[in-house]
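Given next are the chains, with one letter for each unit.
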Amino acid sequence: GQQVMQIPQYQHVQEGEDFTTYCNSSTTLSNIQWYKQRPGGHPVFLIQLVKSGEVKKQKRLTFQFGEAKKNSSLHITATQTTDVGTYFCAGRRYGGSQGNLIFGKGTKLSVKP
Amino acid sequence: DAGVTQSPTHLIKTRGQQVTLRCSPKSGHDTVSWYQQALGQGPQFIFQYYEEEERQRGNFPDRFSGHQFPNYSSELNVNALLLGDSALYLCASSLGTGLKLFFGSGTQLSVL
């Protein structure tokens, strides 16, 4: 079945350093979403990417969707302690139900002050 | 404006028992999806309800069933609990079957 792989599994950075997590799908996606889950919390929607090659920015966060719509990345510039949490990508495949999001295993980010 | 609410927050059951988890969607939302999140893993899609019908189902056995009520709230039922059912169960609501999901805080189920 379809899989969404995410790397790295863990990332430890010093405050102020940059951070990137990568997401790869075994099949072409109709769109991809990114969520953040704080420790002990629930996933919170960050953004949705739909178009091939799309790039979106939210303050220090930059999201990209690959040209082939099979990979995506999230880059955080100058991390802060408030960025701590697990970042998940979640993809929807073509022809599948809109409801069935396939989540990656997430990248857990820790930030040392 | 209340977000997605789930009850109970924590639950302890023994193998073979049955459990019912409840979810009230965000105001204005008509679609509810259920996810299972094991420790250290991403959420896994169980099923989605829209207009009181199960619209899509993930790779979960028939022991997992659900219901959606006319007020859009939903229940997740799990029969014949196994140790491996221990997980955080997340309810997510949306307007329509697509678009972004709003998650509740989840129900932490422990099966002993």
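Our subject in this report is the structure included herewith. The structure displayed is predicted, hence computed values, not measured ones. (Residues numbered from 1 in each chain as written. Chains lettered and ligands numbered in written order. Predicted model: local features only at pLDDT ≥ 70, side-chain atom pairs only at ≥ 80, totals over all residues. Heavy atoms only, no water.)

### Observations regarding the overall build of chain B
Inference 1: Looking only at helices and strands, one finds zero helices and eleven strands in chain B.
Inference 2: Counting helices and strands in the order they occur from the N terminus, chain B gives β-β-β-β-β-β-β-β-β-β-β.
Inference 3: A separation threshold of at least 6 residues defines the contact pool for chain B, and within that pool the share at least 24 residues apart is 52%.
Inference 4: As presented, chain B carries roughly 5,300 Å² of accessible surface, and 50% of it is formed by carbon and sulfur atoms.
Inference 5: Computed over 8 positive and 9 negative side-chain charges, the inter-centroid distance for chain B is 9 Å. (Helix = DSSP H or I, 4+ residues; strand = E, 2+ residues; numbered from the N terminus. Contact = heavy atoms within 4.5 Å. Areas by Shrake-Rupley, 256 points an atom, 1.4 Å probe, with all protein chains shown as cover. Lys, Arg positive; Asp, Glu negative; His and termini not counted. Charge placed at Lys NZ, Arg CZ, Asp CG, Glu CD.)

### Digging into the state of the cysteines
Inference 1: Counted under the stated rule, the structure contains two disulfides over all chains.
Inference 2: The side chain of C23(A) participates in a disulfide bridge whose partner is C89(A); the two sulfur atoms lie 2.0 Å from each other. Since a negative S-S torsion denotes a left-handed disulfide, the C23(A)-C89(A) link at about 75° is right-handed. Of this pair, C23(A) sits in strand β3 (residues 19-25) while C89(A) is found in strand β9 (residues 85-93), placing the two residues 66 residues apart along the sequence. Each member of the pair, C23(A) together with C89(A), is buried.
Inference 3: What pairs with C23(B) in a disulfide is C91(B), and their sulfur atoms sit 1.8 Å apart. A torsion of -60° about the S-S bond marks the disulfide between C23(B) and C91(B) as left-handed. Here C23(B) is found in strand β3 (residues 19-24), whereas its partner C91(B) is found in strand β9 (residues 87-94), with 68 residues between them in sequence. Side by side, C23(B) and C91(B) carry an identical accessibility label, which is buried. (Disulfide = S-S within 2.5 Å. Buried < 20%, exposed > 50% of the residue type's maximum accessible area, 1.4 Å probe, protein only.)

### Notes on unusual backbone geometry
Inference 1: P8(A) follows I7(A) through a cis peptide bond whose omega is -5°.
Inference 2: That bond from S7(B) to P8(B) is cis: its omega, -10°, falls within 30 degrees of zero.
Inference 3: Among the structural elements, P8(B) can be located in the loop between β1 (5-7) and β2 (10-13).
Inference 4: Residues other than glycine seldom take positive phi values, yet K59(A) does so here, at roughly 55°.
Inference 5: Tracing the sequence through the fold places K59(A) in the loop between β6 (55-58) and β7 (61-65).

### Remarks on the sheet that holds strand β8 (residues 74-78) of chain B
All names here are of chain B.
Inference 1: Pairing within the open sheet is antiparallel, and its four strands lie in the order β1-β3-β8-β7. Both edges of this open sheet fall to β1 and β7 (64-68), since each of them pairs with a single strand only. Neighbouring strand axes in the sheet, compared pairwise and without regard to direction, differ in orientation by 20° on average.
Inference 2: Here five bridges tie β7 to β8, and the two strands are oriented antiparallel to one another. Residue pairing for β8: Q68 is matched across the bridge by S74. (Pairing = 2+ DSSP bridges. Axes fitted to C-alpha atoms, helices over the stretch in contact; angles between N-to-C directions.)

### Quick notes on the pairing of β7(A)
In the case of a regular strand, side chains alternate between the two sheet surfaces.
Residues and elements named next belong to chain A.
Inference 1: Most of β7 is tucked away, with four of its five residues classed as buried.
Inference 2: Inspection of the sheet shows β6 paired to β7 by four bridges, in the antiparallel sense. From the neighbouring strand, V55 faces β7, where its bridge partner is Q64.
Inference 3: Here β6 hands over to β7 after two residues, with K59 in that stretch at a positive phi of 55°.
Inference 4: Summarising the sheet, β7 and strand β8 (residues 71-76) pair through five bridges and their orientation is antiparallel. Across the sheet, Q64 pairs through a bridge with S73, a residue of β8.
Inference 5: Adjacent in sequence and paired antiparallel, β7 and β8 are bridged by five residues, among which K69 carries a positive phi angle near 55°.

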